[in-house]
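Below are the chains, spelled out letter by letter.
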Amino acid sequence: MAPMAESMPACTVDSTGSILAVRRAWRDVGQLFERALVVFAFVAAASFAFVAIAHLSDRAFITFQAGSRMGLAMYAREGILYPQFFQGGFYGGTRMMPIPILLHAGLSFVTGEFLVSGKLLTFLSYLALLGVAFGAMRSLGCSAARSALLLVAVTISAVGIWTSLTISYDPLSVALQLVALGLVARGRGRVAIVIAGVLCALALFSKLSAIWGVGAIGLWLWSRNRRALASFLGVYLAASGLGFLLVQLASGGRFWQNVYAFSSSAVGEDGINRIPTQLTEMAPIAPLFYVLLPLAVIELVLASRGKGITIYHVAVPFAAAALIIALTRSGAVFNHSLDLMILSAVMTARLWMQEHLSRAVLVPIAVMLAMIASYPILVEASEEVSPGRLREDIGFLDRFVGPGDRILSEDASIPIARGEVPVVLDAFMLPTIGARDPEALEALVERLEHHGFDRVILVYPLNDAPEGWYTMEFGTRVADAIARDYTLVGRGNRTYVYAPRAP
């Protein structure tokens, strides 16, 4: 028995030494991995910046949604904030909020047009969002390399590409709310609370669904400082009320008309039933979203058990609720997931910082696999910026649309590029306008029946559009008139040109 007892300390020493050796080896591997992350993040960020700058002045990544924003900025530059629904043969209508419209119009005075100014506003807003999210990750203890990798992963996803390189008003509202959360999280007195309230009001006037920041801050302060909560809500409501009054006066009362008419347009009775379909359709487009969100949920559960909840944890369910509400509307696309994706990345950063071996391995593997799954999106994006395609798009329109042609375009950016006011600012709003004013819609149908346009330009061919597309865009009456009185004469990249049908 004695020799056995004497041998036990030696076994213990050996096993302890082995464990320490494994830990040292793992630490060395982790340091190498961190350096590799820095290199990868730097190369990816440099590539992203190069693509953004190189294609700032061309039509790469410009869609019909971007066209409506260009139109709103064009009207605002002429002193018309929110045009009439129908006036003089032109159709307005939008869900967009005023702050990005005014910023876009302001930048157009510098650039002299609405394409570069819109892309520049989006790019700068997205860079600001990345900076704020990086600061949030660092405040939670995540290393600079890991934080950078997560933000690069978001940026090269479909959500990142189509909210940073086109004309999008989404990044601004997310950045404003994240700054507000950071101010409250630091808890630096009444001034921080007041500024947070103003920022949340500015976020609301940047995007109507930007309400998750208010919910998160409200719940956070309710459990910690109810006097500060009263101050925050008071400032938020006062700033929102003042903003509403100013915009309503500046628009001649049309701001509320647009908010009331279009904020719930296309929701329909099947809105809730539409959510699973929308989420399923997003899976192949945004695989990173379905990796970061479960990781964020894991972090939320672990933090709640260990009493490590932060204000960013509180914001996640509010952002998820805002996304679900947005998806009840037909036509809602994956840009609405930017808020929740950024918050999920912040949560993933906190999960990754913990030294538990399984988490340290699980997080980078999951993120890298999601980035690999995003490869088809990157291929599509590279095709979007290929010189051949860009030249083909310009040449295509030159071949089929003459300088003096009267055009009806689903994409408002096309007539704007020709120096014309688009007949329809946003085709998605036209069915709602027609429901409110049938005579206005009938006027457009009659113009089509009498060949009042030399060219009609659509983003899909009428006989091969996604199911229900031209029920949402233009509406059935207008689409039927185009199909009956016009014929397809040219097919391009997201551009289909119709000419009057011969008698």
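Every chain begins its residue count from 1, and numbering advances along the sequence as written. Local features in this predicted model are restricted to residues of pLDDT 70 or higher, and side-chain atom pairs are both shown and tallied only at a pLDDT of 80 or more, whereas totals for entire chains, interfaces and linings draw on every residue. Heavy atoms throughout the structure, all of them, feed into the side-chain values; hydrogens and water do not.

Quick look at helix H5 (residues 144–155)
Strands are runs of DSSP state E lasting at least two residues, helices are runs of H or I lasting at least four, and both sets are numbered from the N terminus onward. Every helix has an expected span of 1.5 Å times one less than the residues it contains. Taking 1.5 Å per residue as the helical rise, H5 with its 12 residues ought to reach 16 Å, and the 16 Å between its terminal C-alpha atoms agrees with that figure. Here H5 lies mainly inside the structure; 10 of its 12 residues are buried. Residue exposure (1.4 Å probe, protein chains only): buried if accessible area is under 20% of the type maximum, exposed if over 50%, otherwise partly exposed. The set of residues buried in H5 consists of Ala-145, Arg-146, Ser-147, Leu-149, Leu-150, Leu-151, Val-152, Ala-153, Val-154 and Thr-155.

Some thoughts on the sheet that holds strand S6 (residues 496–500)
The rule for pairing is simple: two strands pair if DSSP sees at least two bridges between them. What the 4 strands build is an open sheet, ordered S3-S4-S6-S5; its pairing is mixed. Both edges of this open sheet fall to strand S3 (407–409) and strand S5 (486–491), since each of them pairs with a single strand only. The mean inter-strand angle of the sheet, taken between neighbouring strand axes irrespective of direction, is 25 degrees. In this sheet, S6 lies alongside S5 in antiparallel orientation, the contact comprising 5 bridges. Note on S6: the bridge partner recorded for Arg-491 is Tyr-496. Here a residue-residue contact requires only that any non-hydrogen atoms of the pair lie within 4.5 Å. Geometry is summarised by axes, namely lines fitted to C-alpha atoms with helices restricted to the contacting stretch, and by angles between N-to-C directions that run from 0 to 180 degrees. The sheet strands contacting helix H18 (residues 387–400) are strand S4 (455–458), S5 and S6, and the helix crosses S5 at an angle near 145 degrees. Against the sheet, helix H23 (residues 476–485) engages S4, S5 and S6, with an angle of about 85 degrees to S5.

A closer look at the pairing of S6
Extensive coverage of S6 is indicated by the burial of 4 of its 5 residues. In terms of strand pairing, S4 meets S6 through 3 bridges, oriented antiparallel. Within the sheet, the bridge partner assigned to Ile-457 lies in S6 and is Val-497. Connecting S5 to the antiparallel partner S6 that follows it, the hairpin turn spans 4 residues, and Arg-494 within it adopts a positive phi of roughly 55 degrees.

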